[in-house]
Amino acid sequence: MRISTYFQGFLLLALACSQPKEVTQTEEKENESTFVHSPLVEHIYTADPSAHVFEGKIYIYPSHDVESTVSEDDMGSHFDMKDYHVFSMDRPGAEVVDHGIALKLEDIPWASRQLWAPDAAEKNGKYYLYFPAKDKQDLFKIGVAVSDRPEGPFVAEPEPIAGTFSMDPSAFQNGEDYYLIWGGIWGGQLQWYDEQKLVEGRKGPTDGIPSPDQKALMPYIAKLSDSMTELAEQPRELLILDENGEPVKAGDHDRRFFEAAWMHRYNGKYYLSYSTGDSHFIAYAIGDSPYGPFTYQGNVLEPVQGWTNHHSIVEFEGNWYLFYHDTELSGKTQLRNIKMAELTHLADGKIETINPMK
Ligand code: FUB
């Protein structure tokens, strides 16, 4: 069942419409923009899709967006999610099955609110759901919940994973090794930490953000322990460099890391893709090791309708797919719907940029 459908024009057009003016041919074409891909799920709102191939099927671990009375702010308070559903599809284009509630806020002993973007991993027949939530002090931490099945239900560990902070975890398997990658600025609180230590007094979305000419904040990575429920090492920064080998600067909003870090491996190289937040791209950088450094390459995905842009990249039977979200069904920032698109690695290793509108 579809909950609601409010088609809105493309965001840039909406912003441009405040003054009456002559409409150029280019603008006329933009006015006709339509969505290239269709929502995968319409009976509930879903976002931040992390996709994996488990047991020969595609499993999707998204956020479950809900209507909320919490007002919108730059800390993302209006993203007030309370549970997770897991979805599966036998192959691209097949029916998307909702496996129901896999984990609820009330069943996570340490969490107080905001179940944001999760991810999952499989090891030795057990499934691990990594998820961010605010603890009782209202600080984002990353938790883990365990199940015998990819669709759950998952049972949460009693405490968040020691050594984690901020949000948007993604799990990356490289052979026998598993890594947890995470972080996000503004509402993701990464800017409140120096050297992985919380700095007293930082409260808002920009407290602790470096000045524009300084190195941007970067995502973190740490190897997971054999148990998959702990970090096996001190987290390290994933350095994103520009074409001159210099760290991308905090003022470079089109290229700097904001949130939604995801790693995949292609032709022996490691691809770190991420959202640039307020400039709304999914950008990517390439490195020779999961620990980086990574060199910025360009965009995987152009801005979608809606403020947030969050994705995952997965291979299924030799083809690659991008999972992302937009707000086609609701027209509202915090009520999103997941989508998928084919993704192409070009001969030179670059990714062909996907435009979600035509
Ligand atoms: O869904 C809540 C937050 O919005 C995610 O954690 C971010 O990546 C953004 O998509």
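Residues numbered from 1 in each chain as written. Predicted model: local features only at pLDDT ≥ 70, side-chain atom pairs only at ≥ 80, totals over all residues. Heavy atoms only, no water.

A. Representation of empty space enclosed by the protein within the structure. For the structure shown, the criterion picks out one cavity of 30 Å³ or more. Taken as a whole, the largest cavity encloses approximately 50 Å³ of empty space. Every residue lining the largest cavity is listed: Ser 50, Ala 117, Pro 118, Asp 168, Pro 169, Ser 170, Ala 260, Ala 261, Trp 262, His 310 and His 311. Grouping the constituent residues of the lining of the largest cavity by class yields six nonpolar, four polar and one charged. (1 Å grid on protein atoms, 1.4 Å probe; cavity = no way out; pocket = protein on both sides within 12 Å on 5 of 7 lines; lining within 4 Å. Points joined across faces, edges and corners; volume = space filled by probe spheres on them. Nonpolar A, V, L, I, M, F, W, Y, C, P; charged D, E, K, R; others polar.)

B. Just the confidence of the model for the protein chain, in detail. Looking at the protein chain as a whole, its pLDDT mean stands at 92, while 91% of the residues score no less than 70. Across residues 1-30 the pLDDT falls below 50, and counting only partners more than four positions away or on other chains, this stretch makes 33 contacts in the model. (pLDDT = per-residue confidence, 0-100. Contact = heavy atoms within 4.5 Å.)

C. Structural context of the site of the ligand. As a matter of local geometry, the ligand sits amid Asp 48, Ser 63, Met 81, Trp 116, Ala 117, Met 167, Asp 168, Glu 259, Thr 308, His 310, His 325 and Arg 336. In the environment of the ligand, an oxygen atom lies 3.5 Å from a nitrogen or oxygen atom belonging to the side chain of Glu 259. A distance of 2.6 Å separates an oxygen atom of the ligand from a polar side-chain atom of His 310. Among the residues forming the shell around the ligand, the class breakdown is four nonpolar, four polar and four charged. (Near = heavy atom within 4 Å. Polar contact = N/O pair within 3.5 Å; in protein donor to acceptor, adjacent residues only side chain to side chain.)

D. Structural detail: the sheet that holds strand β23 (residues 337-343). Spatial ordering of the open sheet is given by β21-β22-β23, a layout of three strands whose pairing is antiparallel. Since the sheet does not close on itself, it has two edges, and those belong to β21 (311-316) and β23, each with one partner. The sheet shows a mean angle of 25° between the axes of neighbouring strands, taken without regard to direction. With seven bridges joining them, strand β22 (residues 319-326) and β23 adopt antiparallel strand pairing. From the neighbouring strand, Trp 320 faces β23, where its bridge partner is Leu 343. (Pairing = 2+ DSSP bridges. Helix = DSSP H or I, 4+ residues; strand = E, 2+ residues; numbered from the N terminus. Axes fitted to C-alpha atoms, helices over the stretch in contact; angles between N-to-C directions.)

E. Highlighting the layout of surface pockets. Space inside the largest pocket adds up to approximately 470 Å³. Along its surface, the largest pocket is lined by 20 residues, and His 52, Val 53, Phe 172, Gln 173 and Val 314 are the ones closest to its centre. Only β1 (45-54), β6 (119-123), β10 (170-174), β17 (259-266) and β21 provide two or more residues apiece to the lining of the largest pocket. Its residues assigned to classes, the lining of the largest pocket comprises 13 nonpolar, three polar and four charged.

F. Quick peek at the packing of aromatic side chains. Under the counting rule described, the total for this entry stands at 21 aromatic pairs. Taking 5.6 Å as the distance between ring centres and 85° as the angle between the ring planes, the aromatic pair formed by Tyr 179 and Tyr 291 counts as edge-to-face. Pair noted here: Tyr 179 is in strand β11 (residues 177-182) and Tyr 291 is in the loop between β19 (282-287) and β20 (294-301), with a separation of 112 residues, a long-range link. You'll find Tyr 179 and Tyr 291 in the same group, each marked buried. Geometrically, the ring pair formed by Tyr 271 and Tyr 284 is stacked, given 6.2 Å between the ring centres and 15° between the ring planes. One end of the pair, Tyr 271, is in strand β18 (residues 269-275); the other, Tyr 284, is in strand β19, and 13 residues separate them in sequence. Both residues of the pair, Tyr 271 and Tyr 284, belong to the buried class. Looking at Arg 236, its charged tip hangs above the ring of Tyr 291, at a distance of 3.7 Å from the centre. The lysine or arginine in question, Arg 255, covers the ring of Tyr 296, its NZ or CZ lying 5.2 Å from the ring centre. (Phe/Tyr/Trp six-rings, centres within 6.5 Å; stacked < 30°, edge-to-face > 60°. Buried < 20%, exposed > 50% of the residue type's maximum accessible area, 1.4 Å probe, protein only. Lys NZ or Arg CZ within 6 Å of the ring centre and 35° of its normal.)

G. Region of the structure containing the sheet that holds strand β3 (residues 83-89). The four strands are arranged β1-β2-β3-β4 in an open sheet whose pairing can be described as antiparallel. The sheet is open, and its two edges are formed by β1 and β4 (97-104), each paired on a single side. Going across the sheet, the axis of each strand differs from the next one's by a mean of 25°, ignoring polarity. Here β3 runs beside β4; their pairing, made up of five bridges, is antiparallel.

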